[in-house]
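Architecture and fold: a report
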Amino acid sequence: MALYRTYRPKTFDEVIGQEHITKTLENQIMNGHIGHAYLFTGTRGTGKTSVAKIFARAVNCLTPVNGSPCGKCENCLKLQRDNDINIIEMDAASNNKVDDIREIREKVRFMPVDVKYKVYIIDEVHMLTDSAFNALLKTLEEPPKHVIFILATTEVHKLPQTILSRCVRFDFRLVPVGVLMKHLRKIFDLEKIECDEESLKLIATAGEGSVRDTLSIADSIASYCKGKITKEETLRILGTTDYSLNIEFFNYLKDREVGGILALIDRMEKEGKNLAVFSKDVSKHARNLLVIKTCENANEILNLPDDVFEEFKQQADAFDEKTLIRYMQVFSSAENELRYTLSVRLLLETTCLTAMTGMEVKKN
Ligand SMILES: Nc1ncnc2c1ncn2[C@@H]1O[C@H](COP(=O)(O)OP(=O)(O)OP(=O)(O)O)[C@@H](O)[C@H]1O
Ligand SMILES: [Mg+2]
Ligand SMILES: [Zn+2]
């Protein structure tokens, strides 16, 4: 099982880097001042869903410990099960229609079963349509006493003011690299994975403030290194700034050389590279080329070594701006899916072909 699944925090103490939020929620539990609508915002993999679930258990726990769920009482045991009917998780990305929200509105009236609160967790709430937002608003205006809404989003700027004004908002922060390192060390110790300090730092840095990303990168490195992580291997696998790889890849894209792309992906997979990270690098490279094409002081922005800059510049000439923008869109929207899919390679290949043929990637 993936590390980020195994190590999902179960109490507020286990959540790292979000003390400004967990302290407040603990206090609310201890004082019984519980709100009816919360908004959790912030980057992917920083704890929004985890905290929402802890909170959902804490409000129902019979004997909370310092504001966290005890994990032992009847209610905690019940709510720890994945599909308990009192915690309703909805992904607004795929249920974004007004009817989906109306269904919630009908159902909120029903009392929770055996516990005090029903908790609705609506993920990616920014994806709702305008009419769905309006329907949600009606519910948020007068929520029944036994219902709590937790809305989560990575893109808070897309939410209407009317929704914002009805929620208590918590901003999840990027987790500092030092905190990630400590967390990772603890997990490696528990998993009996050996890792030197420098590799630890490389991995934590590559996670860019997201706990989940850090753990999934750690996962792929650990499984490749079979329990003993070395700096050499880490560098090789992370390979994030392997410029020549990006150049090669973009040459294939430019020439629509499907065979070259498939072979390159095959090579990377055999070398144990994290393909989701690679996809991010591809959008970054497209962005770098775009900067070179459009900005006077491009290298002040990019800060590349001179020879690398020259090489990029040459490649930039071969693309028009529209194409680069499309690559950025296609690859950055695939990035997230790549983290969760079981067939990473297939998805990456499809993404490349989509980028080449210029079709839109449809997300549902
Ligand atoms: N603050 C944190 N402390 C400890 N572990 C965390 C934290 N944030 C994320 N994780 C790890 O990452 C996994 C996913 O976290 P979670 O689902 O809570 O993130 P999220 O913010 O909801 O992400 P998304 O925006 O993609 O929905 C957890 O199971 C856990 O392993
Ligand atoms: Mg989430
Ligand atoms: Zn309990």
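Around ligand 1 sit 21 residues, and of these R8, G47, T49, S50 and R212 come closest. At the level of secondary structure, the elements contributing two or more residues to the shell around ligand 1 comprise α1 (3–6), α3 (48–58) and α10 (211–225). Across the shell around ligand 1, the residue classes break down as 7 nonpolar, 8 polar and 6 charged. Here the shell around ligand 1 gathers at least three residues from each of two domains, domain 1 (3–171) and domain 2 (177–238).

If you want to describe how two helices pack, look at the angle between their axes and the distance between the axes. The N-to-C vectors of helix α12 (residues 243–255) and helix α13 (residues 258–270) enclose an angle of 150°; their axes lie 8 Å apart at closest approach. Between α12 and α13, the crossing angle belongs to the class labelled roughly antiparallel. α13 is crossed by α12, and the crossing has left-handed handedness. Listed contacts from α13 to E248, F249 and Y252 of α12 are G260, I261 and L264. Here the contact of α12 with α13 is composed, by residue class, of 4 nonpolar, 1 polar and 1 charged.

With that settled, the discussion passes to the domain arrangement of the protein chain. Taken domain by domain, the protein chain comprises domain 1 (3–171), domain 2 (177–238) and domain 3 (243–357). Relative placement of domain 1 and domain 2: their C-alpha centres are 30 Å apart.

The sheet built from 5 strands is open, its strands ordered β2-β3-β4-β1-β5 with parallel pairing. Taken across any chain shown, the strands that pair with only one partner, and hence form the sheet edges, are β2 (87–91) and β5 (168–171). Strand-to-strand twist of the sheet, defined as the mean angle between neighbouring strand axes without regard to direction, takes the value 15°. Bridging between strand β3 (residues 118–123) and strand β4 (residues 147–153) involves 5 bridges; their strand directions are parallel. By the bridge assignment, Y120 is partnered in β4 with F149.

About the cut-offs
Residues numbered from 1 in each chain as written. Chains lettered and ligands numbered in written order. Predicted model: local features only at pLDDT ≥ 70, side-chain atom pairs only at ≥ 80, totals over all residues. Near = placed C-beta within 6 Å. Helix = DSSP H or I, 4+ residues; strand = E, 2+ residues; numbered from the N terminus. Nonpolar A, V, L, I, M, F, W, Y, C, P; charged D, E, K, R; others polar. Domains from an automatic or database assignment. Axes fitted to C-alpha atoms, helices over the stretch in contact; angles between N-to-C directions. Parallel < 35°, antiparallel > 145°, perpendicular 65-115°, else oblique. Left-handed = near helix turned anticlockwise from the far one by under 90°. Contact = placed C-beta atoms within 7 Å. Pairing = 2+ DSSP bridges.

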